There are 2 protein chains.
Amino acid sequence: MSQTKGRVTLPSEANFLKETKEILERWGADAIRDSDGTKLDDELKALDAKVYSTYFVTRGHNDFASTHLDECVQMLLMSKHNLAICDTLTIDFLDGFYKEQVVADYRHDPKRYWEVIDRTNNTIVEPDLWTVDQDTDSLTITSAIPFHEYTVSFFVYMIWDPTQMYNYITNNWQDVPHDIPFDIRQPHSAAFAKRCLKDWLQENPDTDVVRFTTFFYHFTLVFNAEAKEKFVDWFGYGATVSIKALAEFEKEYGYALRPEDIVDNGYYNTTFCVPSRRYLDYMDFIQRFVAEKAKELVELVHDSGREAMMFLGDNWIGTEPYGPYFSRIGLDGVVGSVGGGATLRLISDISGVKYTEGRFLPYFFPDTFYEGNDPCIEAIDNWLSARRAIMRSPVDRIGYGGYLSLAYKFPKFIDYIEKVTDEFRMIYANVKGQKPYSGVKVAILNSWGKLRSWQSYMVAHALWYKQTYSYFGILEALSGAAIETVFLSFDDIRENGVPKDVDVIINAGDAGTAFSGGEKWCDPDLVTTLRKWVYEGGGFIGIGEPSAVQHGGRFFQLADILGVDKELGFSLSTDKYYTKALTEHFITSDALTPLSFGESKQSIYALSEDTEIIEYSNHEVHLAANAYGEGRGVYIAGLPYSYENTRLLMRSIYYAAHKERNFHVWQTDNLNCEVHAYPENKKYAILNNSNETQETNVYDGQGKCQSLTLAPCEIIWKEIH
Amino acid sequence: MSQTKGRVTLPSEANFLKETKEILERWGADAIRDSDGTKLDDELKALDAKVYSTYFVTRGHNDFASTHLDECVQMLLMSKHNLAICDTLTIDFLDGFYKEQVVADYRHDPKRYWEVIDRTNNTIVEPDLWTVDQDTDSLTITSAIPFHEYTVSFFVYMIWDPTQMYNYITNNWQDVPHDIPFDIRQPHSAAFAKRCLKDWLQENPDTDVVRFTTFFYHFTLVFNAEAKEKFVDWFGYGATVSIKALAEFEKEYGYALRPEDIVDNGYYNTTFCVPSRRYLDYMDFIQRFVAEKAKELVELVHDSGREAMMFLGDNWIGTEPYGPYFSRIGLDGVVGSVGGGATLRLISDISGVKYTEGRFLPYFFPDTFYEGNDPCIEAIDNWLSARRAIMRSPVDRIGYGGYLSLAYKFPKFIDYIEKVTDEFRMIYANVKGQKPYSGVKVAILNSWGKLRSWQSYMVAHALWYKQTYSYFGILEALSGAAIETVFLSFDDIRENGVPKDVDVIINAGDAGTAFSGGEKWCDPDLVTTLRKWVYEGGGFIGIGEPSAVQHGGRFFQLADILGVDKELGFSLSTDKYYTKALTEHFITSDALTPLSFGESKQSIYALSEDTEIIEYSNHEVHLAANAYGEGRGVYIAGLPYSYENTRLLMRSIYYAAHKERNFHVWQTDNLNCEVHAYPENKKYAILNNSNETQETNVYDGQGKCQSLTLAPCEIIWKEIH
Ligand SMILES: [Mg+2]
Ligand SMILES: [Mg+2]
Ligand SMILES: [Mg+2]
């Protein structure tokens, strides 16, 4: 039986009343929900718990959609590159796409709306030089230049909702109709969506919370001819694009977007691409539209006396919770999945709603809950990684998903989650509304800034990628560290300078990406603002290829701050004298060797004897610091997530901020442990982030030291005297 | 006593007559030379051997130079980047330079000839916004933009010859005057140089061969304030630049070069920088001038009945032996140092002279010839690596340098070189003038083409650099392989297409460098010519970052040929399906694992299921092949030199050329052994390239196999029946 109650959402399912009641009590849950593939029956709905019901706005209504196919969601796709061998080139533009998902839009004249591009000489092929054969879905260029490559940008209707498609294919469903998504930008769809929600609210009086899953436009998810994922961008605006949308954009902004503005060489403006002004305009256009339309639905929910909650995923495009229009929607809550600390913060830092909820792992699905497997392993890992982030910024609720009947077969797991839910409520009681002690305020600087807070380096939602893990570790480390973290864009710096209270700026990413900044760094205003700010005492940390663009004899435009640059070959003739690492440095004074820089970066070299080389191996620098006027720069070649690297980053931040003397305040000397202090309510907590017993010295707000032993995963709460 | 005689040059020194005679006989030498720090006495000169004498044209004449300081060699240097903090910025433009080597040129008005650049916004600062203080060698900008970086491009006089400076400092000479180099573009210097040579020829009647060391302009070698090397570019035109040269250039070409055309952001147009049209014009201008002036000196030598030989190094700028004007000079011979196979070929492939000579290692200097060390180790290594290249294209002579008296103290070494000289003459007798069997003809494609044959990836002459060894291995491998190798530039391809007899083109280097090609790959003509050529049956091998520039949705512009591209982040959203290597492939069928790609490249991925992935590890492709029409592409992530990688490259070349069936023709199956066949004189040789006994199968011209055992380093000669 739980010691405390509330703030927990339980998935349930029909014919599971008794066990649901038992777990409701044991976990102190106060809400139940349906899941993909489960329904709540009347007895469950009658329990003393709020009822969450999943609601799909633009799918699952084929009666409507199939009779309004002209209002189906559209996309603008780019064919693969096609090589001309002679002057006639026929392009099977749908080659590689899944024809169950997308069909060419011939309702609108291809000659007017499509674009054929010679990618070799980067020119548009005039429409009178190509023809489309609708019977074969092919396009023929009649005066191609041999051995140039051509692409076709073409409109399609997306005739299958990507999430349903994914579930359908993954679970090998049979005899289930394909959900046809419709576009509420269209008149009938807009009216239908509202009418439909009204009816549903009437038909579902037991629902307390309408869990929108989600609103209108799915993130870009395109399958290939073998019905496998072909393109996935969790941030992708692909499904927002339609001929109507582009026409309305032109009317509103006074200029027309080209198909190329959307397909962008086939990169489709992923979050790794430095966004053009035109694409940012388009995003803004969509966000305003989505907020306005979502608001109408939320108002219907409120009018019927229920709460409106949004799932942060699936059809979430345009609702960006850190965007300027989100609060206009008027949602009561947001729920999202928690893979670790950064994804917890992605949810918990959202403002403009009454509550946030994290859906924790593991899902109660057979891939984890099978005989012989211990689901506690994943649960402990998930909880420990999220818990340190909760200490900084708590979600208001936690919950689970899947088949409760399945989880119920694992009593040890049920026991463990009982402890977790109690621990969560205990933390929540202590930290909610409190400003935790932060030694330093850090801003992450990239092309997206606040809009994509805690969302840097993500392709599909927080999956591991070779090209990202060495950067994503920065967010994961910060998510649960005693650091205040904000996100700034290059435009923010240009327009408003560096905010007064920021101590340290981090710029991290591969050269040319939106995260490093690419051509943005050719902007003298950006560069001089940052140089001046650091010179006058700010701290700048560059990770990977920060401020990187070849310009003016430098690759790192802030090489002068960092004290290092990257050798691309052009300056090999210039002797590199500085190849000896210091024997000790504040940043690595408690580091274990060897340091891990993940994918790391090659050929980084120190610019002068003043550069503090902290790590040098394999003929290159991987860690360095540099004094710059009153400020400091720190360079790190990569930062995959680990407790060791969390400490390395913390020390780098304190060093960059010239606050080394404050490092041993609310701090431990065991890397597995962290301290969080809440001066307002005079509490502090020491966390054991590991599943083993740990001994550590703990430093209080005056730097006074005590020794402690913590049980595996333990939190010890203490009073500040 | 040597079995054969001739083709060997011996260093000697005064008071060493008896031993010199002994070694002359034992090594079969037919020429003796002086060296840095040695002189030949009359008795030596009277021996039955040609006498080589080192001759310096533009140094070692301080009597003249010190009275004509206005004719001293000039350079155009760039200061370091200087950060403005306020609107006044004073730049110590000589900071970091060695003031014993260079002094600012105040004879010519800085306002007219110098250039101050704002590197942050990439603009020129108008001369009326800065002033120069000659007393302090400083330049003050009076309206600097705070936190912009500024550089000064300024003329200096180089008042110390770099080679003498290097020797002086290295050997800690005392009381030796600094050699002041003078510029033969100047009237008095031009007249003096000729007069001086005439006099010298009269004064040195015993000299048979005038060894020019070298002509007029030293490769760029600049020292720092601590008298250490600061900038070294063996190809660098730094010392050719003068106010007079630029004025004459303008007159001839009809446009003026800017200082920036020379200093090039501080990279000084090193061989790694893709050359601009303007810089290529300048090089051509210098080469024509140098050839013309050198010719005048060579004619004086010939007029006096001697031979003229040029050392390939030191003041060799403008004499480029593969350049269009070299043969005009009329030299009898070229001598250069041999570090391995590629540097041997760099000498031996030179045409337009009567003979070439290689100076082999080790130098007879105390750094190798000291008690307890075995100089044979370096000698064997040097000989084995050069010998395989001699089998393809022999130098006409070999020689040594340094103190013969020192080498004489190592009898085992004297014995070993006796064998080497005999072996060299035996090889020469068999291969000179013969066209060795080559299974495939390969062209190395880069920005420099023929001009810098065998000179790719070099900074200082063939030293190891982290950024180059993974490419230099290509040249070293090819230098002694049964492959015909030529060098092509991008301009060659544009202007003349691919030569008819080329089977395979190799493009190899880091993105953006002159070797990969950078922006050259945005040229549709280049790209389509190569695509068409491969499509119709050619072979293309890309190593490292071939054809790399971000353009049209690709990073490798010939990704379609190679079957692979590099992920920079922009296409992370696109699924990469092809991650399984083939279990076997022709290219690796006799490879030892693990393969070694040196520095390798990250994030290479296969474009389609048709790509033949040969090696895949660490989530990326390192070796792949791809069919492209009738032709093929091969991708290799890097190729450091080894016998294993030589074989890997050979197989890649045969595969790209579609000549796998011919691979076992004049071939071995032991990686340490190679076969060279000379069909015209019906001889072939099997080489053991190792210092251990080797067993191997040997395949003859019909692919017939025989087994052989070779002693360490052995060559077995056989007749073709
Ligand atoms: Mg939930
Ligand atoms: Mg010699
Ligand atoms: Mg193919």
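All residue numbers here refer to positions counted from 1 along the written sequence of the relevant chain. Here every chain gets a letter starting at A, and every ligand a number starting at 1, in the order they are written. Totals for whole chains, interfaces and linings use every residue, but because this is a predicted model, local features are given only for residues with pLDDT of at least 70 and side-chain atom pairs only at 80 or more, for both listing and counting. Water and hydrogen atoms play no part in the side-chain values, which are based on all heavy atoms of the structure.

- Chain A is annotated in an unreviewed UniProt entry as 1,3-beta-galactosyl-N-acetylhexosamine phosphorylase of Ohessyouella blattaphilus.

### A few points about a negative patch on the surface
Then, in step 1: Together, Asp 42, Glu 43, Asp 206 and Asp 208 of chain A make up a region of like negative charge exposed at the surface.
Then, in step 2: Accessibility expressed as a relative area gives 58% for Asp 42 of chain A, which makes it exposed. Nonpolar side chains (Val, Leu, Ile, Met, Phe, Trp, Tyr) are joined into patches within 5 Å and like charges within 9 Å, using only residues with over 30% relative accessible area and no salt bridge. Only the protein chains shown count as cover for residues, and the accessible areas themselves come from Shrake-Rupley with a 1.4 Å probe. Salt bridges are defined by distance alone: a side-chain nitrogen of Lys or Arg within 4 Å of a carboxyl oxygen of Asp or Glu. Counted charges follow a simple rule, with Lys and Arg positive, Asp and Glu negative, and His plus the chain ends left uncounted. Lys charges are placed at NZ, Arg charges at CZ, Asp charges at CG and Glu charges at CD. Only protein chains enter the accessibility calculation, which uses a 1.4 Å probe; a residue whose area is less than 20% of its type maximum is buried, one above 50% is exposed, and one in between is partly exposed.

### Topic: the pattern of salt bridges
Then, in step 1: A complete count under the given rule lists 92 salt bridges over all chains for this structure.
Then, in step 2: Put simply, Asp 374 of chain B and Lys 412 of chain B hold a salt bridge, and the shortest N to O gap is 2.9 Å. With Asp 374 of chain B in the loop between strand 18 (355–359) and helix 12 (375–392) and Lys 412 of chain B in helix 14 (residues 411–431), the pair connects residues that are 38 residues apart, well separated along the chain.
Then, in step 3: The structure contains a network of salt bridges with shared partners spanning Glu 22, Arg 26, Asp 415 and Glu 418 of chain A. A helix here means a DSSP run of H or I that spans at least four residues, while a strand means a run of E at least two residues long, and both kinds are numbered starting from the N terminus.

### Description of the packing of helix 11 (residues 341–348) of chain A against helix 15 (residues 469–479) of chain A
Residue and element names in this part refer to chain A.
Then, in step 1: Between helix 11 and helix 15, the shortest axis-to-axis distance is 7 Å and the interhelical angle comes to 65°. Comparing the axis directions of helix 11 and helix 15 gives the class roughly perpendicular. In this structure, helix 11 crosses over helix 15, and the sense of that crossing is left-handed. Residue-level contacts link Gly 341, Ala 342 and Arg 345 of helix 11 to Phe 472, Leu 475, Glu 476, Leu 478 and Ser 479 of helix 15.
Then, in step 2: A per-class count over the contact of helix 11 with helix 15 returns 4 nonpolar, 2 polar and 2 charged. Angles run from 0 to 180 degrees between N-to-C directions of axes, and those axes are lines fitted to C-alpha atoms, restricted for helices to the stretch in contact. Here roughly perpendicular refers to angles of 65 to 115 degrees, roughly parallel to angles under 35, roughly antiparallel to angles over 145, and oblique to all remaining angles. Take the far helix as the reference: if the near one is turned anticlockwise from it by less than a right angle, the crossing is left-handed, and if turned clockwise, right-handed. Residues are treated as being in contact if the distance between any of their heavy atoms lies within 4.5 Å. Polarity classes work like this: nonpolar for Ala, Val, Leu, Ile, Met, Phe, Trp, Tyr, Cys and Pro, charged for Asp, Glu, Lys and Arg, and polar for all others, with Gly in that last group.

### A word on the UniProt feature "domain: Lacto-N-biose phosphorylase central" (unreviewed entry) in chain A
Then, in step 1: UniProt positions are given in the numbering used here, feature names are shortened, and annotations may be inferred rather than shown by experiment. Under the UniProt annotation, the feature "domain: Lacto-N-biose phosphorylase central" (unreviewed entry) is placed at residues 441–660 of chain A.
Then, in step 2: For the annotated span residues 441–660 of chain A, helix accounts for 22% and strand for 27% of the residues, and the straight-line distance between the end C-alpha atoms is 14 Å.

### Some words on the side chain of Ser 456 of chain A
Residues and elements named next belong to chain A.
Then, in step 1: Secondary-structure assignment places Ser 456 in the loop between strand 20 (440–446) and helix 15.
Then, in step 2: A polar contact of 3.3 Å, which involves the side chain of Ser 456, links it to the side chain of Asn 446.
Then, in step 3: Setting aside chain neighbours within four positions, we find Ser 456 in contact with Asn 446, Phe 472, Leu 475, Phe 487 and Phe 515. In protein, a polar contact means a hydrogen-donor-capable atom and an acceptor-capable atom, both N or O and within 3.5 Å, with residues adjacent in sequence counting only if both atoms are side-chain atoms; elsewhere, any N or O pair within 3.5 Å suffices.

### Brief notes about unusual backbone geometry
Then, in step 1: The step from Thr 213 of chain A to Thr 214 of chain A runs through a cis peptide bond, and the omega angle for that step is -10°.
Then, in step 2: Residue Pro 362 of chain A is bonded to the preceding Leu 361 of chain A through a cis peptide linkage, with omega at 0°.
Then, in step 3: Structurally, Pro 362 of chain A is set in the loop between strand 18 (355–359) and helix 12 (375–392).
Then, in step 4: In this structure, Tyr 268 of chain B is a non-glycine residue whose phi angle is positive, near 55°.
Then, in step 5: Residue position: Tyr 268 of chain B is located in the loop between helix 8 (259–263) and helix 9 (277–303).

### Brief notes about the packing of aromatic side chains
Then, in step 1: When two rings of Phe, Tyr or Trp (its six-membered ring) have centres within 6.5 Å they constitute a pair, described as stacked for plane angles under 30 degrees, edge-to-face for angles over 60, and tilted for the intermediate range. Inspection of the entire model under this criterion finds 122 aromatic pairs over all chains.
Then, in step 2: Where Phe 360 of chain B meets Tyr 400 of chain B, the ring centres are 6.4 Å apart and the plane angle is 50°; that geometry is what we call tilted. Remark: Tyr 400 of chain B occurs in the loop between strand 19 (397–399) and helix 13 (404–407) and Phe 360 of chain B occurs in the loop between strand 18 and helix 12; sequence separation between them is 40 residues. This pair shows no difference in class: Phe 360 of chain B is buried, exactly as Tyr 400 of chain B is.
Then, in step 3: The structure contains a cluster of three or more aromatic residues connected by ring pairs, namely Trp 27, Phe 360, Phe 364, Phe 369, Trp 383, Tyr 400, Phe 410 and Phe 413 of chain A.
Then, in step 4: By definition here, charges over rings are those cases where NZ of Lys or CZ of Arg is within 6 Å of the ring centre and within 35 degrees of the ring normal. Over the ring of Phe 97 of chain A we find Lys 230 of chain A; its NZ or CZ atom is 4.9 Å from the centre of that ring.

### Some words on the relation of the copies chain A and chain B
Then, in step 1: Least squares is used to superpose the copies, and the fit set is the C-alpha atoms of residues whose pLDDT is at least 70 in both copies. Turning chain A through 180° and shifting it by 0.0 Å along the axis lays it on chain B, with an RMSD of 0.0 Å. As the rotation angle and translation indicate, the two copies are arranged about a two-fold axis. In terms of proximity to the rotation axis, the leading residue of chain A is Gln 602 of chain A, whose C-alpha is 5.2 Å off the axis.
Then, in step 2: With an isologous cut-off of 70% or more, the 100% of interface residues of chain A that recur at the interface of chain B puts this contact in the isologous class.

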